[in-house]
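Results of the structural survey
Each chain is listed here by its residues.
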Amino acid sequence: MGNEPMNDLDRLWEATRPAPPSAEAWDRVWAGIVERIDEPVPMVAPSRGRWAAVGLVLLAQAAAVLLAVGVGRHAPAPPPPIHVEEGRLVLIRGAADAVEVADLTPRLGSAGVDAWYLVHNYFESAAAGPFVAMAE
């Protein structure tokens, strides 16, 4: 430890740690290991319960693979890209199998109608579904 003062944990460790094993004790342990290295390992036949557990694990793995393949095959195709020209105000509504794009630019007109007021009105009149409002 050098010249550092001992803290409480160090003093506790020094007071309670066991004495290290002697060289003779290590020799006995090593001799016991060497004796058992060449002993044959007894073979234990698996029980019916163990076979059932292995079968259930394999069945669960097969079900997970089939589920992943099935979900991957029936995934909907991604919607086509939507291009918004600069200066246009559009609402994009996603349905289960289609994408609806509503161009609100003609409704703006020259009357000074706030674009986001139109978006708010469109949201209120729509039934339901996810929306994205964009202005370039």
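Residues numbered from 1 in each chain as written. Predicted model: local features only at pLDDT ≥ 70, side-chain atom pairs only at ≥ 80, totals over all residues. Heavy atoms only, no water.

**With respect to the overall build of the protein**
Rule in force here: Numbering of helices and strands runs from the N terminus, with a helix taken as a DSSP run of H or I at least four residues long and a strand as a DSSP run of E at least two residues long. Accessible area is worked out with a 1.4 Å probe on protein chains only. A residue is then buried under 20% of its type maximum, exposed over 50%, and partly exposed in between. The contact rule is simple, with two residues in contact once any of their heavy atoms fall within 4.5 Å. Note on areas: Shrake-Rupley with a 1.4 Å probe; residue coverage comes only from the protein chains shown.
Broken down by element type, the protein carries 5 helices and 3 strands. The order of α-helices and β-strands along the protein, N terminus first, is α-α-α-β-β-α-α-β. Buried residues in the protein amount to 9% of all 136 residues. Of the contacts made within the protein by residues no fewer than 6 positions apart, 41% connect residues no fewer than 24 positions apart. Carbon and sulfur atoms make up 63% of the accessible area of the protein, which totals about 11,800 Å².

**A word on helix α2 (residues 23-37)**
We count it as follows: Multiply 1.5 Å by the residue count of a helix minus one, and that product is the helix's expected span.
In this model, α2 (15 residues) spans 21 Å end to end at C-alpha, consistent with the 21 Å of a helix rising 1.5 Å per residue. Counting buried positions over the 15 residues of α2 gives 1, only a small fraction of the element.

**Some thoughts on the nonpolar core**
Put simply, the test is: Residues grouped as a nonpolar core are buried Ala, Val, Leu, Ile, Met, Phe, Trp, Tyr and Cys residues, joined through side-chain atoms within 4.5 Å.
Membership of the largest hydrophobic core is limited to 6 residues, which are Leu89, Leu91, Ala102, Leu104, Leu118 and Val119. Broken down by secondary-structure element, the contributors of at least two residues to this core are β1 (89-94) and α5 (115-125).

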